[in-house]
Amino acid sequence: MKKKTASTILGIMLALVLAVGPALAKDKNTLVVVQEAEPVGLDIMQSSIQTTMSVGYNIHDTILKPQEDATVKPGMVEKWEKVDDLTWKFTLVKGATFHNGEPINAAAVKFSFDRLMSDALKSPHKGKLTSFKGVEVLDDRTFKMSTSQPYAPGLYMLAQYLFVVPPEYVKKVGDAEYNLNPVGSGPYKLDKWVKGQEILLTAYDKYYGPKPAYHKLVFKGVPEEASRIASLMTGEADVISGVPVQQRQKIVDSGKAYLTDQMGSMNYLGLNTYEKPFSDVKVRQAVNYAVNRPLINKALFKDKAILCTGPISPRTFGADPGLKPYAYDPVKAKLLLAEAGYPNGFETRLAFGTYMPQVQEQAEAIAADLAKVGIKVKLEPYERAVMWDKYKNKLHQMYIYFWDDAPEPDRYVYSLFHSKSRDYYYKNEQVDALLDKGRSTMDPAARAKVYNEIDRILYQDAPWIYLYVIPEVYGVANAVDYKGLRDGYLIMNTAKPKK
Amino acid sequence: MNRPAASPERFRHLRASLRLWGETLRALARSPGAVAGGVLFALIIGTSICFQIFYTKDPLAQDLLARLTPPFWQEGGSLAYPLGTDNLGRDVLVRILYGSRVSLMVGFASVLVACGAGIALGLISGYYGGRTDSVIMRVADVFMAYPFMLLTISIIAVLGNSIFNLILVLGLSDWVTYARTIRGSVLSIKEKEFVLAARSVGTRNRVILLRHVFPNVLSPILVLGTVRVANIIIWESGLSFLGMGVPPPMPTWGRMLAEGRVYITDAWWLVTLPGLAIMLTILSINLLGDGLRDALDPRLRNIPG
Amino acid sequence: MGRYLLKRLWHTVYVVVGISIISFFFIHLSGDPVMLMLPGDASMAEVETLRQQLGFNDPLYVQYWHFASRAVTGDLGVSLYHRVPAIRLIMERLPASLELAGAAMLIALVVAIPLGVISAVKRGSLWDMSSMLGALFGLSMPHFWLGIMLILLFSVTLGWLPTSGRGTLAQLVMPSLALGLSLMAMFARLTRSVMLEVLSLDYVRTARAKGLREKIVIGKHALRNALIPLVTVAGMQFGFLIGGTVIIETVFAWPGVGRLVVQAIFSRDYPLVQATVLVLAVIFVVVNLLVDLIYLYLDPQISYLEQK
């Protein structure tokens, strides 16, 4: 009796230990992508989190293919024409279907747009498409979309955010279930999602576009940097995201993998210009001169970061090529501080989110630089929720945030600086007006000039300490040919085996 | 002279307890483990207090171009940074030394807080009994079943992380063991002659508690407290590791580990040395605690370890 | 026995209710998730509307009442962040937590009991001293540091084991070892000290005097009694392990409940935090109940009616 109990307990424990599935056998038709975290859901309309978006973009197609220079190419929409400054007319490819066989038609596009804009879904992408009034279905394959004002980034925004989902399926299962079991229009369909382990996608054989080179696509989430790199080195993974600077050379030296550095993350240090001491432009310029960005770039990023001049990333359309980054000049910084009435500096706070990579060492380095001109900085590491909450309630004095180094300037300069968007820490009517103008100027050359001017004004007015664009590197196994994208989404149908 | 004269009973008792402490110390001195632990611990405390006399570096001074310098015995290392530098080129040795202060301070202060709360509640619970007792013990049950890490993390999420809050949180989350131990001891002492005698002459409850009962439950608390200091130091480093501990730039062992973890493949010293420091400290405390327990044996056989 | 069970049931209820109240108030006091749920350019009016919709403007006790009355019917709410029922998320993660805790416990017990018994029997021997010193080292290492050291050794330097994740037996080795070692140390010490105590008791001496073989004395008489405190401590530790392994889960990217709930705390995902804490509390209490029953089985003389 006793023995029996004991052996039963032992048996159960053993069973527990052995109840672990075997590792997924890897073949050359399978591509394994390891990200920093597992997505929380797979409905790309419901999330703006990078890990979700990366998986989601493989399952969901938008109507057009966004390009790295903020232009667009045909995709699900095979051709389009500009009817007037406010309206585009689109024609869908013939015979395209969703993964469940539903036809991709104009009605589905309309349904998708309406779903994205609905209050019920609370989509984080809603704001990106508010300029559009709606989808007007002309016939099965054609539809029109118009804006109330000329909207220059329109096509690019549609290419980035108008995902198309199957109406029948969504209506049947509801939003919550769709988030777990999406059926999309993209090159890959969801095969199965083993929570906490992996997401398995397989190529959709009736995809309207070119077939992806890899038949199977596996996404895994591994938060530990070291572990991700190890998985690339051992061949467990083909593509890994989030490779920290100090590990990059190691990957190159290993001879097993290479790096893509298309993606950048533009870090910036925001200043609360509504309150003293940063309400004074001289103080704001002074702190820009006080931070030794070239040294930080050299030490922390191995000189691979791009120093920013103004708010528009140097790689982005509209950045003023005539601007030079603020030089490191502590003497000038002290002079400006003295002029502003702070000859002995002041005390302030610097908040940063602990979830950002490498952020604490940047914050500490910046604080050390500011200390040299007499500014005592108290560091405030916050978790994501607190950081965001304090940000929106205007409680920060200095804060480090980042934005992806996106090709379309309107996307973030408008979001961050227009007083109709975020009016948390800075407001400038001249900039507001120019941002509106930039949005509605349809001619690219004229539009570039508008953004050049915005860049210059904000450079002078310095509502931020302009930092740098840090290359966000992906590690790719040598057997795989993959370039990567500037916004970092892992759209893997462009990957192929290397010859 | 309005203090009541001490009863001979009490004096006798005091002498007995003094004698017990003397014996304890002698027993401690006979145990090689306890002596080793004591010496090691004294060294750690001494270093933690006095190191600035010998080693004057600034734990916050950065030398970005000398970042990730290995310890002196490795190729590329130098005696300028005996234990190497971290990711911002700060001296690892001096940071570990400063870190010891945080760990020890948080460890001891939290235990004091926990002790204070636990002793008070345990005394009250055990001495008064009845409804007071059952309420306190029910609350203790609840705290016992609450996953400790989750409790501390959620309280810190409310209060924000500072060294003071950390001490408060760790202390207040850890009162249960003390309260239970004290309560047990009080229950057994309560019926002893000298307490009954004091009560029969009309001494007030509070006086009995503080003067007669409390001194007699001190030794289990001492042993328990020693063990808990070790645990708290580990928990503190764990919280720091999760980014919920003492905020930067003040160096703590746990955060040094967390920061170093990113550099695990090319700066082994960053993840190894602060951990070694934690281990040696805990080891010394545990050795001392074991010695204490053995020395105070057999009265304390059932202290949870 | 019946009265005892009734008492335990009451104990279970107040502990679970107590825990849910504490966690409810702490998480709600720490700010709400509305800001995090909306995109960066959402207006303050939108924030307020959502807050109203989610009922976060009600007084706390009203919110708790809503939560509790739904929880009683088994409805633990929908995660704000993941947008799926909280219980579903927990159930997806629970097997991983049980697996890790079970493996750690198994490693710990399998090594610790023989170690402790032999040490006790050969008290003062070299074996005793070295294994107890080893146990002391084991107790003195923070388990997350041990985890990192294991990664440094087995993954980075030797390349034998995968650094993290769950799925294969190889991936279970390091986290369960890291978690199991301090338990092992604790159990070994406990086994030894309890065995010493038991071995000095009268009936063991009598058994010895009667000339029974040493193995039988130790195995049948001593160990059985020594198991009682061991089972108590192991049970309690197992309860803690299910939710208390956040750091090890973080180090090894183990998809357990601990990480789920900590992330939920960070994103102020109230329903998920509430649900997880509740589930963990129930597990803890149930495990302890089981321990008591095993206790009863090991030592039928213990009278529960008097004990509690």
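Residues numbered from 1 in each chain as written. Chains lettered and ligands numbered in written order. Predicted model: local features only at pLDDT ≥ 70, side-chain atom pairs only at ≥ 80, totals over all residues. Heavy atoms only, no water.

Student: Now, about the overall build of chain A: what can you tell me, with residues and values included?
Tutor: Assigned secondary structure in chain A consists of 15 helices and 19 strands. For 499 residues, the compact-globule formula gives about 23 Å, and the C-alpha radius of gyration of chain A, at 25 Å, lands near that figure. For chain A, the C-alpha atoms occupy an extent of roughly 80 × 75 × 50 Å along the three principal directions. Residue burial in chain A is summarised as follows: out of 499 residues, 60% are buried. (Helix = DSSP H or I, 4+ residues; strand = E, 2+ residues; numbered from the N terminus. Rg over C-alpha atoms; globule rule 2.2 N^0.38 Å. Buried < 20%, exposed > 50% of the residue type's maximum accessible area, 1.4 Å probe, protein only.)

Student: Talk me through the overall build of chain C; I want residue IDs and the actual numbers.
Tutor: Each helix and strand counted, chain C has 14 helices and 0 strands in total. Along chain C, helices and strands appear, N-terminal first, in the series α-α-α-α-α-α-α-α-α-α-α-α-α-α. Across its three principal directions, the C-alpha atoms of chain C cover 85 × 60 × 25 Å. For chain C, with 308 residues in total, the buried portion stands at 57%.

Student: Which residues make up a nonpolar patch on the surface, and what are the values?
Tutor: Residues and elements named next belong to chain C. Together, L5, V282, V286, L290 and L293 line one region of the surface with nonpolar side chains, adding up to about 360 Å² of accessible area. Of the residues forming the nonpolar patch, the biggest block, 4 residues, is contributed by helix 13 (residues 270-298). Take L5: it is sitting in helix 1 (residues 2-29). (Patch = residues over 30% accessible without salt bridge, like charges linked within 9 Å, V, L, I, M, F, W, Y side chains within 5 Å. Areas by Shrake-Rupley, 256 points an atom, 1.4 Å probe, with all protein chains shown as cover. Salt bridge = Lys/Arg side-chain N within 4 Å of Asp/Glu carboxyl O.)

Student: Let's hear about empty space enclosed by the protein: which residues, and what values?
Tutor: All names here are of chain A. This model, assessed by the stated rule, comprises 4 cavities of 30 Å³ or more. Approximately 100 Å³ is the volume attributed to the largest cavity. Along its surface, the largest cavity is lined by 13 residues, and Y399, L416, Y425, Y426 and W464 are the ones closest to its centre. Where the lining of the largest cavity is concerned, the elements lending two or more residues are strand 12 (257-271) and helix 13 (409-417). Grouping the amino acids of the lining of the largest cavity by side-chain chemistry returns 11 nonpolar, no polar and 2 charged. (1 Å grid on protein atoms, 1.4 Å probe; cavity = no way out; pocket = protein on both sides within 12 Å on 5 of 7 lines; lining within 4 Å. Points joined across faces, edges and corners; volume = space filled by probe spheres on them. Nonpolar A, V, L, I, M, F, W, Y, C, P; charged D, E, K, R; others polar.)

Student: Account for the pattern of salt bridges, with residues named and values stated.
Tutor: What the rule picks out here adds up to 34 salt bridges over all chains. Between D86(B) and R95(B) there is a salt bridge, and its shortest N-O distance comes to 3.4 Å. Given the relative accessible area of 5%, D86(B) is considered buried. With relative accessibility at 1%, the residue R95(B) sits in the buried group. When the shortest N-O distance is used, the salt bridge between D128(C) and R192(C) registers 2.8 Å. Remark: R192(C) occurs in helix 8 (residues 169-199) and D128(C) occurs in helix 6 (residues 126-140); sequence separation between them is 64 residues. A relative accessible area of 3% means that D128(C) is categorised as buried. Residue class for R192(C) comes out buried when judged on its relative accessible area of 18%. Bridged by salt links that share partners, the residues E364(A), D86(B), R90(B), R95(B), R255(B) and E259(B) form one connected network.

Student: Please set out the packing of helix 11 (residues 253-261) of chain B against helix 12 (residues 268-296) of chain B residue by residue, giving values where relevant.
Tutor: The description of two packed helices rests on the angle between their axes and on the distance between the axes. All names here are of chain B. Packing of helix 11 against helix 12 brings their axes to within 8 Å, and their N-to-C directions diverge by 155 degrees. It follows from the interaxial angle that helix 11 and helix 12 lie roughly antiparallel. Relative to helix 12, the crossing made by helix 11 is left-handed. Seen from helix 11, the contacting residues are W253, M256, L257, G260 and R261; seen from helix 12, they are L270, V271, P274, G275, A277, I278 and T281. (Axes fitted to C-alpha atoms, helices over the stretch in contact; angles between N-to-C directions. Parallel < 35°, antiparallel > 145°, perpendicular 65-115°, else oblique. Left-handed = near helix turned anticlockwise from the far one by under 90°. Contact = heavy atoms within 4.5 Å.)

Student: Residues and numbers for the nonpolar core, please.
Tutor: Counting 190 residues, the largest nonpolar core has L201(A), F219(A) and M492(A) as the members making the most contacts within it. Per-element accounting of this core gives the leading share, 16 residues, to helix 13 of chain C. Ignoring anything within four residues of it in the chain, the contact list for M492(A) reads L31(A), V33(A), N58(A), Y188(A), L217(A), F219(A), V239(A) and Y482(A). Counting 80 residues, the second-largest nonpolar core is a separate cluster that includes V359(A), V377(A), Y391(A) and Y466(A). (Core = buried A, V, L, I, M, F, W, Y, C linked by side-chain atoms within 4.5 Å.)

Student: Lay out the interface of chain B and chain A with the relevant residues and their values.
Tutor: Contacts between chain B and chain A engage 21 residues on the former and 21 residues on the latter. For the pair chain B and chain A, the summed buried area comes to about 1800 Å², and 53% of that belongs to carbon and sulfur atoms. Taken together, chain B and chain A are joined by 2 salt bridges. In this structure, R67(B) engages E361(A) in a salt bridge whose closest nitrogen and oxygen atoms are separated by 3.5 Å. The tally of links from chain B across to chain A stands at 6 residue pairs in polar contact (both at pLDDT 80 or more). (Buried area = accessible area lost by both parts, 1.4 Å probe. Polar contact = N/O pair within 3.5 Å; in protein donor to acceptor, adjacent residues only side chain to side chain.)

Student: Lay out helix 1 of chain C in plain terms, naming residues and giving numbers.
Tutor: With 28 residues, helix 1 of chain C extends 41 Å from end C-alpha to end C-alpha; this agrees with the ideal 40 Å at 1.5 Å per step. Just downstream of helix 1 of chain C lies G31(C), where phi reads positive at about 100 degrees. (Expected span 1.5 Å × (residues − 1).)

Student: A description of the interface of chain C and chain B should follow, citing residues and the corresponding values.
Tutor: Each partner contributes residues to the interface: chain C has 40 residues there, and chain B has 41 residues. Carbon and sulfur atoms make up 81% of the surface buried where chain C meets chain B, a total of about 3800 Å² over both sides. Between the two partners, chain C and chain B, sit 1 salt bridge. When the shortest N-O distance is used, the salt bridge between R189(C) and D290(B) registers 2.8 Å. At the junction of chain C with chain B, the criterion picks out 6 residue pairs in polar contact (both at pLDDT 80 or more).

Student: Describe the environment of E380(A), and please don't skip the residues or the numbers.
Tutor: Residue and element names in this part refer to chain A. Considering the arrangement of structural elements, one finds E380 in strand 15 (residues 376-382). Separated by 27 residues in sequence, E380 and G353 place their C-alpha atoms 8.5 Å apart. What E380 contacts, discounting residues up to four positions off in sequence, is R349, L350, A351 and F352. Among the polar contacts made by the side chain of E380, one reaches the side chain of R349 at a distance of 3.3 Å.

Student: Describe unusual backbone geometry, and please don't skip the residues or the numbers.
Tutor: Cis rather than trans, the peptide bond between K276(A) and P277(A) has omega equal to -5 degrees. For the bond from P248(B) to P249(B), the omega torsion is 5 degrees, close enough to zero to count as cis. Secondary-structure assignment places P249(B) in the loop between helix 10 (218-241) and helix 11. Non-glycine residue K394(A) carries a positive phi angle of around 60 degrees.

Student: Which residues make up the packing of helix 1 of chain C against helix 4 (residues 60-72) of chain C, and what values go with them?
Tutor: Residues and elements named next belong to chain C. The N-to-C vectors of helix 1 and helix 4 enclose an angle of 130 degrees; their axes lie 11 Å apart at closest approach. On the basis of the axis angle, helix 1 is oblique to helix 4. Of the two elements, helix 1 crosses helix 4, and the hand of that crossing is right-handed. Residues V17, S20, I21, F24, F25 and H28 of helix 1 lie in contact with helix 4, whose contacting residues are L60, Q63, Y64 and F67. Taken together, the residues of the contact of helix 1 with helix 4 sort by class into 7 nonpolar, 3 polar and no charged.

Student: Break down the confidence of the model for chain A for me, with residues and values.
Tutor: Residue and element names in this part refer to chain A. When the pLDDT values of chain A are averaged, the result is 88; 95% of them are 70 or greater. Of all secondary-structure elements in chain A, the lowest mean pLDDT belongs to helix 1 (residues 2-18), at 47, while helix 8 (residues 281-290) reaches the highest, 96. Here residues 1-6 is a poorly scored stretch, pLDDT under 50, and it has 4 contacts once near neighbours within four places are set aside; other chains count. A low-confidence stretch, residues 12-25 (pLDDT under 50), is modelled with 22 contacts involving residues beyond four sequence positions or located in other chains. (pLDDT = per-residue confidence, 0-100.)

Student: Explain the sheet that holds strand 5 (residues 87-92) of chain A to me, and be specific about the residues and the numbers.
Tutor: Residues and elements named next belong to chain A. Strand order in the open sheet formed by 4 strands is 4-5-7-6, and the pairing between neighbours is antiparallel. Only two strands of the sheet have a single partner each, and these edge strands are strand 4 (77-84) and strand 6 (132-137). Across the sheet, the axes of successive neighbouring strands diverge by a mean angle of 20 degrees, strand direction being ignored. Judged from the 5 bridges that link them, strand 6 and strand 7 (residues 142-147) form a sheet pairing that is antiparallel. From the neighbouring strand, V137 faces strand 7, where its bridge partner is F143. (Pairing = 2+ DSSP bridges.)

Student: Account for the pairing of strand 5 of chain A, with residues named and values stated.
Tutor: Residue and element names in this part refer to chain A. Counting buried positions over the 6 residues of strand 5 gives 5, a clear majority of the element. Across 6 bridges, the pairing between strand 4 and strand 5 is antiparallel. Across the sheet, K79 pairs through a bridge with T91, a residue of strand 5. Connecting strand 4 to the next strand, strand 5, in antiparallel fashion are 2 residues. Two strands pair when backbone bridges link them, and strand 5 and strand 7 are joined in this way by 5 bridges, in the antiparallel orientation. Along strand 7, the bridge assignment pairs W88 with M145.

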